[in-house]
There are 2 protein chains.
Amino acid sequence: HSRQFEVGVLDWFARLWEIEKDEYWGYITNCGTEGNLHGILVGREVFPDGILYASRESHYSVFKAARMYRMECVKVDTLVSGEIDCSDLRPKLLANKDKPAILNVNIGTTVKGAVDDLDVVIQTLEECGFSHDRFYIHCDGALFGLMMPFVKRAPKVSFKKPIGSVSVSGHKFVGCPMPCGVQITRMEHINVLSSNVEYLASRDATIMGSRNGHAPLFLWYTLNRKGYKGFQKDVQKCLRNAHYLKDRLHEAGISAMLNELSSTVVFERPRDEEFVRRWQLACEGNIAHVVVMPNVTIEKLDFFLNELVEKRSTWYQGNVQPPCIAAEIGKANCVCALHK
Amino acid sequence: HSRQFEVGVLDWFARLWEIEKDEYWGYITNCGTEGNLHGILVGREVFPDGILYASRESHYSVFKAARMYRMECVKVDTLVSGEIDCSDLRPKLLANKDKPAILNVNIGTTVKGAVDDLDVVIQTLEECGFSHDRFYIHCDGALFGLMMPFVKRAPKVSFKKPIGSVSVSGHKFVGCPMPCGVQITRMEHINVLSSNVEYLASRDATIMGSRNGHAPLFLWYTLNRKGYKGFQKDVQKCLRNAHYLKDRLHEAGISAMLNELSSTVVFERPRDEEFVRRWQLACEGNIAHVVVMPNVTIEKLDFFLNELVEKRSTWYQGNVQPPCIAAEIGKANCVCALHK
């Protein structure tokens, strides 16, 4: 086994998210989804009749969890940025004041990289009359949970705030070669979940039971090799390159958006499915996105941009116009015929 | 990605379990537990008000699933062998005739390696008036699901019988270096579970969402290198060595049991925790077990036996007697002071 490495990795994240060694419980998961499944299950076991609130732009695993766990789930609207809209959360909380609230807070949404404002979510809960023993917050930090601590001015994810759990993926920003993730919750919550498994001489409080022994080794190695400074450098490079991409897209007359705290550039969906496949672009409706990771260089971005610009000149000729995506990314970011 | 290898592995298992290529749906899971979580979830989605029946000696993930999914769960007694006791299943089914039945059938229990008799379970369901559209059977073949097809006289796991899903582990008998498993179900069932995930341009019907890309490579390689004949040889060797271990334990005056279709030898729990740790023995109550895998040689078994016999001579002196484990393994297998 590789338990001592797993513990080392967990301690690193516990420090990052400001929780004492003897107050947290965690494990290395098989992926970001397992973290969400775990966090939401802990929330449900703490509040068996709690209602799950999650923004529409939450990862699909959040809604899968609600269905699996037979939980009542309320979808909350989002702002154009992709952030949860607390002016929509408020009436929905007030309409269900008799039941505890379980919240999924996105530390970077899947498509737009939007970061829900944890402090405003907590303030909204408090203003709606939910005391700290009537809500549970799970922070889904799949990709950005590991980048945000290194971004100046970013709202802080911390167990000093009334949150219940945080999860991140290990195969995205950290670059682990197999799907994995980190899940941290409060020790006080885990006892409601765990059950004694005698033949293992241990208690099981995970979702999957089995864990990959290699994943902690890769995570531990990367955390120690790069260190805090190395991650900071990587994050800064990603944000710089993402800004470069967004600026160049705008210069080329292509609608694009970049959230301030994110390295995910959202732009108009390319018209040609072959181009989408070749660049492995994830698309949703009229938009596509590029997630600028540490391995993405300026040269690669230029190559991509040049090809996109060239292809567009063949897609949009005569009466064929690029799509308007103001609804998805806001008028200010849209440069369609109407909004430019 | 390694999709073509994953499909190759799934096709191999579909052939083994006798289901046509266009009639099955499956994937490579992260572990045996994910297979059970999936199979039972499919059962629940097919029969939302179904009751889950599982023998007491089922893997703990089965009861975890019932709790996660908020399903009514009925525990069924077992025979001394560890097999499900259908004379206890019958009245429990009859008491709940108004609700569909979801059954977990063990193809090798965790502790005793007992194989539930699938045919008798189906017959019991039919005799209790459950028509084929009123029950769902998930076969948990964690370890032994892959060995049994190569054992003469073993009851057959086959989709020609009215079963819904089968799962096996890939890191046990196949020896994959990371936890993984294979899950196969009927295509007709999967549509109730899957939901469209636009940004992935695919439908998600798994538990974890992310899959390990290396696992299918290891599985594919091992299946193709060993082949049917190679597995048969390995299984025969394991059964032969397991019989050797049980016989030698009996000869040494140590209570022990070996189920006919299994390579899991159950024996009295060693008195010394240091010995248990050193040999990494899984214990439950008064019993421990050794799972004889292909890497376990006669030499290793002899080494283990000699050490056990030597230690026992220091544990059991004067008035201190070895424990009676007739309740766990039957009088015939117990050689305590009373039963020998």
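Residues numbered from 1 in each chain as written. Chains lettered and ligands numbered in written order. Predicted model: local features only at pLDDT ≥ 70, side-chain atom pairs only at ≥ 80, totals over all residues. Heavy atoms only, no water.

Peer 1: Just to check I follow, could you spell out the overall build of chain A for this structure?
Peer 2: Along chain A, the regular secondary structure elements total 10 helices and 13 strands. For 340 residues, the compact-globule formula gives about 20 Å, and the C-alpha radius of gyration of chain A, at 21 Å, lands near that figure. Taken across its 340 residues, chain A has 59% of its residues classed as buried. Within chain A, contacts between residues at least 6 apart in sequence are counted, and of these 69% link residues at least 24 apart. Surface exposure of chain A reaches about 14,300 Å², of which carbon and sulfur atoms provide 50%. (Helix = DSSP H or I, 4+ residues; strand = E, 2+ residues; numbered from the N terminus. Rg over C-alpha atoms; globule rule 2.2 N^0.38 Å. Buried < 20%, exposed > 50% of the residue type's maximum accessible area, 1.4 Å probe, protein only. Contact = heavy atoms within 4.5 Å. Areas by Shrake-Rupley, 256 points an atom, 1.4 Å probe, with all protein chains shown as cover.)

Peer 1: Got a minute to help me understand the interface of chain A and chain B in this structure?
Peer 2: The figure often quoted for interface size is the accessible area lost as the parts come together. Taken together, the contact pairs 42 residues of chain A with 42 residues of chain B. Roughly 3,500 Å² of surface becomes buried between chain A and chain B when both sides are summed, with 52% attributable to carbon and sulfur atoms. Our enumeration of links across chain A and chain B arrives at 4 salt bridges. Measuring nitrogen to oxygen at the nearest pair gives 2.6 Å for the salt bridge that ties Lys64 of chain B to Asp204 of chain A. (Buried area = accessible area lost by both parts, 1.4 Å probe. Salt bridge = Lys/Arg side-chain N within 4 Å of Asp/Glu carboxyl O.)

Peer 1: So what exactly am I meant to see when it comes to helix α2 (residues 32–46) of chain B here?
Peer 2: Owing to its 3.6 residues per turn, the α-helix brings residues three or four apart onto one side. With 15 residues, α2 of chain B ought to run about 21 Å at 1.5 Å a step, and its terminal C-alpha atoms sit 21 Å apart, in line with that. When you tally the buried positions in α2 of chain B, you get 14 out of 15 residues, the bulk of the element. (Expected span 1.5 Å × (residues − 1).)

Peer 1: Would you mind showing me how to read the packing of helix α4 (residues 86–94) of chain B against helix α5 (residues 118–127) of chain B here?
Peer 2: The description of two helices packed together rests on the angle between their axes and the distance between the axes. Residues and elements named next belong to chain B. Between α4 and α5, the least distance of the axes is 10 Å, while the angle of their chain directions is 30°. Accordingly, the angle class assigned to the pair α4 and α5 is roughly parallel. Crossing of α4 against α5: the hand is right-handed. Residues Cys86, Leu89, Arg90 and Leu93 of α4 form the contact with α5, whose own contacting residues are Val120, Val121, Thr124, Leu125 and Glu127. Looking at side-chain class alone, the contact of α4 with α5 contains 6 nonpolar, 1 polar and 2 charged residues. (Axes fitted to C-alpha atoms, helices over the stretch in contact; angles between N-to-C directions. Parallel < 35°, antiparallel > 145°, perpendicular 65-115°, else oblique. Left-handed = near helix turned anticlockwise from the far one by under 90°. Nonpolar A, V, L, I, M, F, W, Y, C, P; charged D, E, K, R; others polar.)

Peer 1: I tried to follow the relation of the copies chain A and chain B on my own but got confused; where do I start?
Peer 2: Both copies of the chain are related by a screw-like operation: a rotation about an axis and a shift along it. Mapping chain A onto chain B calls for a screw motion: a turn of 180° about the axis and a shift of 0.0 Å along it, with 0.0 Å RMSD after fitting. What we have between these two chains is a two-fold relation. Relative to the rotation axis, the C-alpha of Tyr69 of chain A is the closest in chain A, positioned 2.4 Å from it. The fraction of interface residues of chain A whose copies in chain B are also interface residues reaches 100%, indicating that both copies meet through the same surface. (Least-squares fit on C-alpha atoms with pLDDT ≥ 70 in both.)

Peer 1: How should the UniProt feature "modified residue: N6-(pyridoxal phosphate)lysine" (unreviewed entry) in chain A be read in this particular structure?
Peer 2: Residue and element names in this part refer to chain A. In the UniProt entry, the feature "modified residue: N6-(pyridoxal phosphate)lysine" (unreviewed entry) is given for Lys172. Assignment of secondary structure puts Lys172 in the loop between β6 (165–169) and β7 (181–186). What makes Lys172 partly exposed here is its relative accessible area of 35%. Those residues in contact with Lys172, other than ones at most four positions away along the chain, are Ala142, Leu143 and Met293. Only 3.4 Å separates the side chain of Lys172 from the side chain of Ser169, close enough to count as a polar contact. (UniProt positions renumbered as here; feature names shortened; annotations may be inferred. Polar contact = N/O pair within 3.5 Å; in protein donor to acceptor, adjacent residues only side chain to side chain.)

Peer 1: Help me out: how do you make sense of the pattern of salt bridges in this one?
Peer 2: Where charged atoms of side chains with opposite charge meet at close range, the side chains can pair. All names here are of chain A. Evaluated as defined, the whole model comprises 40 salt bridges over all chains. Note that Lys112 is salt-bridged to Glu57, the shortest N-O span being 3.7 Å. With Lys112 in the loop between β4 (101–106) and α5 (118–127) and Glu57 in the loop between β2 (51–55) and α3 (60–68), this residue pair connects regions lying 55 residues apart in the sequence. In this structure, a network of salt bridges that share partners links the residues Glu18, Lys156 and Lys160.

Peer 1: Mind showing me how you'd approach the environment of Gly39 of chain B here?
Peer 2: All names here are of chain B. Within the secondary structure, Gly39 sits in helix α2. Residue Gly39 is classed as buried on the basis of its relative accessible area, which comes to 0%. When the C-alpha atoms of Gly39 and Asp77 are compared, they prove to be 22 Å apart, with 38 residues separating the residues in sequence. Filtering out sequence-adjacent residues up to four positions away, Gly39 remains in contact with Tyr136, His138, Ser165 and Gln183.

Peer 1: Where do I start with the packing of aromatic side chains in this structure?
Peer 2: The relative placement of two aromatic rings is captured by the distance of their centres and the angle of their planes. The full count for this structure, using the stated rule, is 30 aromatic pairs over all chains. Between Phe267 of chain B and Phe304 of chain B the ring centres are 6.0 Å apart and the planes differ by 80°, which places this aromatic pair in the edge-to-face class. Here the residue Phe267 of chain B occupies a position in strand β11 (residues 264–268), and Phe304 of chain B occupies one in helix α9 (residues 298–315), the gap between them amounting to 37 residues. Here Trp279 of chain B and Phe304 of chain B contribute two aromatic rings whose centre-to-centre distance is 5.0 Å and whose plane-to-plane angle is 75°, an arrangement assigned as edge-to-face. Of this pair, Trp279 of chain B sits in the loop between α8 (273–278) and β12 (282–284) while Phe304 of chain B sits in helix α9, placing them 25 residues apart in sequence. For the residue pair Trp279 of chain B and Phe304 of chain B, the accessibility class agrees, reading buried in each case. Taken together through their ring pairs, the aromatic side chains of Trp12, Phe13, Trp17, Phe150, Phe173, Tyr228 and Phe231 of chain A make up a single cluster. (Phe/Tyr/Trp six-rings, centres within 6.5 Å; stacked < 30°, edge-to-face > 60°.)

Peer 1: I would appreciate a short explanation of the domain arrangement of chain A in the present structure.
Peer 2: All names here are of chain A. Examined at the domain level, chain A breaks down into domain 1 (2–226) and domain 2 (228–333). Taking only C-alpha atoms into account, the centre of domain 1 sits 29 Å from that of domain 2. Opposite the 25 residues of domain 1 that make contact, domain 2 presents 27 residues. For the pair domain 1 and domain 2, the summed buried area comes to about 2,200 Å², and 69% of that belongs to carbon and sulfur atoms. Linking domain 1 with domain 2 are 1 salt bridge. Across the salt bridge formed by Asp234 and Lys226, the nearest N and O atoms sit 2.4 Å from each other. Taken together, domain 1 and domain 2 are joined by 6 residue pairs in polar contact (both at pLDDT 80 or more). Sort the elements by how many residues they give to the side of domain 1 that touches domain 2 and helix α7 (residues 214–251) lands first, with 3 residues. (Domains from an automatic or database assignment.)

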